[in-house]
Amino acid sequence: MSARSLHQLLRDKRVLVLCGAGGVGKTTTAAALGVAAARAGRRVLVLTIDPARRLAEAMGLPESGPEPTTVPPERLFADGPRGTGRLDVWMLDPRLVFDRMIHRLAPSPEAARAIVEHRVYRFLSDLVAGVQEYAATEALDGFLADERYELIVLDTPPSRHALDFLDAPGRLSRFLDERVVSLFGPESSSRGGRLWQGAQALVGRVLDGVFGAGHAREMRTFVGAFSGLFGGIRLHTERLRARLASPDAAFLLVTSPESAALREAAFFRDTLVERGLPFAGYVLNRSWAREDALAHPEALLEHVSDDPHAEHGVAALSRLAATERARAESHRTLLVRLAEQLPTGAVAVAAPDAGAELEEFGGLVRLGDALAPG
Ligand SMILES: Nc1ncnc2c1ncn2[C@@H]1O[C@H](COP(=O)(O)OP(=O)(O)O)[C@@H](O)[C@H]1O
Ligand SMILES: [Mg+2]
């Protein structure tokens, strides 16, 4: 399947994943694209992570809730007739998502409650690396089964390594699977040799010291119950991977024009391609590449009389304008270069710097229109 524009992606895909280095504008772009798709008539869910306060306010998003929030149609369609599209936004709460996962996987509601209410669980779920990333994929898996949404736009977390997101499910199940965890688990004579049992006994003593005797045993019971869920986790991880590798999904790389972000984006693209995930193109965010008609201030001179002050002012403006034009030119070149490296069907789109406009919903609408003109 090929796409010539972001507009087509928004119309045809089931999942759109926004990736990129920290701070390049993933969350903002996810919101703007969600707005554009909903205005174009689709039922959209934006799964967002840690949106800037002004963005949350512009979208009317509560701090964090147990359910997605619907953007009121009068806000979504403030400037025209009300369409059939719909926009829901949900800010991920990793803890909440994690709890739900336990409820889904546990053999009974009582077992789930026992795990979630266990103080060791609180401790463990903070400890596990990548809980936030994992929560994102977990939430995505849940919503994909939800008929309410035709398109899910997934914002990805501010990872130190942009790839953490893709690796999180694997990492989590590895963590849970590893012998490290079984060290904490119920003692078993069938596993390991004497050395292993010795190690377990040592961990037991350390835990006794840290948590007090009794609590260590509690911890072991807990991990024992928790480990029963591994199979379920792995199963759904595989299903999700398959969904993300299918033509239903599209990965967009957001980058700023800065070279560090561009390098990271190129690396990310290679990784996506390597893993057989559908790389759909670049968003060159906060760039001046679109402004191809910057005026020459000299043109003003025709309208001012021979006032020396005015001439002086225009000369200063000219220098400034020349810098701006050079920047616009270099961003345009950059966009062309990005476009040259694309696989068939992928897109390279520039998004302007929206400045303070993003404080209002209208700013998001304009950003969405700039990204995906209908
Ligand atoms: N196109 C844009 N125009 C103006 N400001 C932007 C734009 N994109 C992002 N920003 C701002 O940059 C900051 C980081 O953006 P954000 O979307 O949170 O990045 P990320 O999710 O990649 O960390 C925020 O303050 C956001 O408002
Ligand atoms: Mg973000």
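Residues numbered from 1 in each chain as written. Chains lettered and ligands numbered in written order. Predicted model: local features only at pLDDT ≥ 70, side-chain atom pairs only at ≥ 80, totals over all residues. Heavy atoms only, no water.

The chain goes by arsenite-transporting ATPase in an unreviewed UniProt entry, where it is assigned to Pyxidicoccus fallax. Its UniProt record gives the chain a comment under Catalytic activity (unreviewed entry), which states: "arsenite(in) + ATP + H2O = arsenite(out) + ADP + phosphate + H(+)". (UniProt positions renumbered as here; feature names shortened; annotations may be inferred.)

Enquirer: So what exactly am I meant to see when it comes to the overall build of the chain here?
Expert: Within the chain one finds 17 helices and 8 strands. Expressed as a percentage of its 374 residues, the buried residues of the chain come to 48%. Restricting to contacts in the chain with at least 6 residues of sequence separation, those with at least 24 account for 74%. For the chain, the computed accessible surface area is about 18,500 Å², with 54% contributed by carbon and sulfur atoms. (Helix = DSSP H or I, 4+ residues; strand = E, 2+ residues; numbered from the N terminus. Buried < 20%, exposed > 50% of the residue type's maximum accessible area, 1.4 Å probe, protein only. Contact = heavy atoms within 4.5 Å. Areas by Shrake-Rupley, 256 points an atom, 1.4 Å probe, with all protein chains shown as cover.)

Enquirer: Which parts of the structure should I look at to understand the site of ligand 1?
Expert: Residues in contact with ligand 1 amount to 15 residues; listed here are only the nearest, Lys26, Thr27, Thr28, Arg54 and Ala354. Between ligand 1 and the protein, one listed contact pairs a nitrogen atom with a backbone N or O atom of proline 352 at 3.0 Å. About the coverage of ligand 1: the protein hides 84% of its 560 Å² of free accessible area. Under a 2 Å grid-point criterion requiring more than half of the atoms, the pocket assigned to ligand 1 is the largest pocket. Considering every element that reaches the shell around ligand 1, the biggest residue donor is helix 2 (residues 26-39), with 3 residues. (Near = heavy atom within 4 Å. Polar contact = N/O pair within 3.5 Å; in protein donor to acceptor, adjacent residues only side chain to side chain. 1 Å grid on protein atoms, 1.4 Å probe; cavity = no way out; pocket = protein on both sides within 12 Å on 5 of 7 lines; lining within 4 Å. Sits in = over half its atoms within 2 Å of the grid points.)

Enquirer: How should I be thinking about unusual backbone geometry in this particular structure?
Expert: Positive phi, normally seen in glycine, also occurs at arginine 286, with a value near 50°. With respect to the helices and strands, the residue arginine 286 is situated in the loop between strand 7 (279-284) and helix 15 (298-301). For arginine 286, a relative accessible area of 43% corresponds to the partly exposed category.

Enquirer: Looking at this structure, I do not really get the sheet that holds strand 3 (residues 69-70). What am I missing?
Expert: Whether parallel or antiparallel, the strands of a sheet pair through hydrogen bonds between backbone atoms. Here we have 8 strands laid out as an open sheet, ordered 3-4-2-5-1-6-7-8, and mixed in their pairing. The sheet is open, and its two edges are formed by strand 3 and strand 8 (347-350), each paired on a single side. Pairing geometry for strand 7 and strand 8, over 4 bridges, is parallel. When the bridges of strand 8 are listed, tyrosine 282 appears paired with alanine 348. The sheet contacts of helix 2 involve strand 1 (15-19), strand 2 (43-48), strand 4 (86-91), strand 5 (151-155), strand 6 (249-255) and strand 7, and relative to strand 2 the element is tilted by about 170°. (Pairing = 2+ DSSP bridges. Axes fitted to C-alpha atoms, helices over the stretch in contact; angles between N-to-C directions.)

Enquirer: Looking at this structure, I do not really get the layout of surface pockets. What am I missing?
Expert: Of the voids in this model, the largest pocket is the one considered here, and its volume is about 430 Å³. Together, 26 residues line the largest pocket, and Gly23, Gly25, Lys26, Thr27 and Thr28 are the ones closest to its centre. At the level of secondary structure, the elements contributing two or more residues to the lining of the largest pocket comprise helix 2 and helix 3 (53-59). Counting residues per element, the lining of the largest pocket draws most heavily on helix 2, which supplies 3 residues. Across the lining of the largest pocket, the residue classes tally to 12 nonpolar, 8 polar and 6 charged. (Points joined across faces, edges and corners; volume = space filled by probe spheres on them. Nonpolar A, V, L, I, M, F, W, Y, C, P; charged D, E, K, R; others polar.)

Enquirer: Mind showing me how you'd approach the pattern of salt bridges here?
Expert: Oppositely charged side chains can pair when the atoms bearing their charge come close. Summed over the entire model, instances satisfying the criterion amount to 13 salt bridges. Aspartate 353 is paired through a salt bridge with arginine 286; the nearest N and O atoms lie 3.0 Å apart. Of the two residues, aspartate 353 sits in the loop between strand 8 and helix 17 (361-371) while arginine 286 sits in the loop between strand 7 and helix 15, which places them 67 residues apart along the sequence. Residue glutamate 324 pairs with arginine 327 through a salt bridge whose shortest N-O separation is 2.8 Å. A residue pair is termed a helical-turn pair when its members lie 3 or 4 positions apart in one helix, as glutamate 324 and arginine 327 do in helix 16 (residues 308-340) at 3 residues. (Salt bridge = Lys/Arg side-chain N within 4 Å of Asp/Glu carboxyl O.)

Enquirer: Got a minute to help me understand the nonpolar core in this structure?
Expert: A general tendency of soluble globular proteins is for nonpolar side chains to be buried together. Counting residues in each nonpolar core, the largest one holds 46 residues, and the members touching the most others are Leu6, Leu87, Leu252, Leu364 and Leu371. When near neighbours in sequence (up to four residues on either side) are disregarded, leucine 371 contacts Leu6, Thr29, Ala32, Leu33, Val283, Val349, Ala350 and Ala351. Judged by nonpolar contacts, the second largest core, of 38 residues, contains Leu92, Leu253, Phe268 and Leu342. (Core = buried A, V, L, I, M, F, W, Y, C linked by side-chain atoms within 4.5 Å.)

Enquirer: Can you help me understand the pairing of strand 4 in this one?
Expert: Here is the key point about a regular strand: its side chains alternate between the two faces of the sheet. The element strand 4 is largely enclosed, with a buried count of 5 among its 6 residues. Relative to strand 4, strand 3 runs antiparallel, the two sharing 2 bridges. The partner of threonine 69 across the bridge, within strand 4, is valine 89.

Enquirer: How do you make sense of the packing of helix 2 against helix 17 when you look at a structure like this?
Expert: Helix packing geometry: the angle between the two helix axes and the distance between the axes. One way to put it is that helix 2 packs onto helix 17 with a least axis distance of 8 Å and a crossing angle of 80°. By the criterion of interaxial angle, the relationship of helix 2 to helix 17 is roughly perpendicular. Residues Thr28, Thr29, Ala31, Ala32, Leu33, Val35, Ala36 and Arg39 of helix 2 pack against Phe361, Leu364, Val365, Leu367, Gly368, Asp369 and Leu371 of helix 17. For the contact of helix 2 with helix 17, the per-class residue count stands at 10 nonpolar, 3 polar and 2 charged. (Parallel < 35°, antiparallel > 145°, perpendicular 65-115°, else oblique.)

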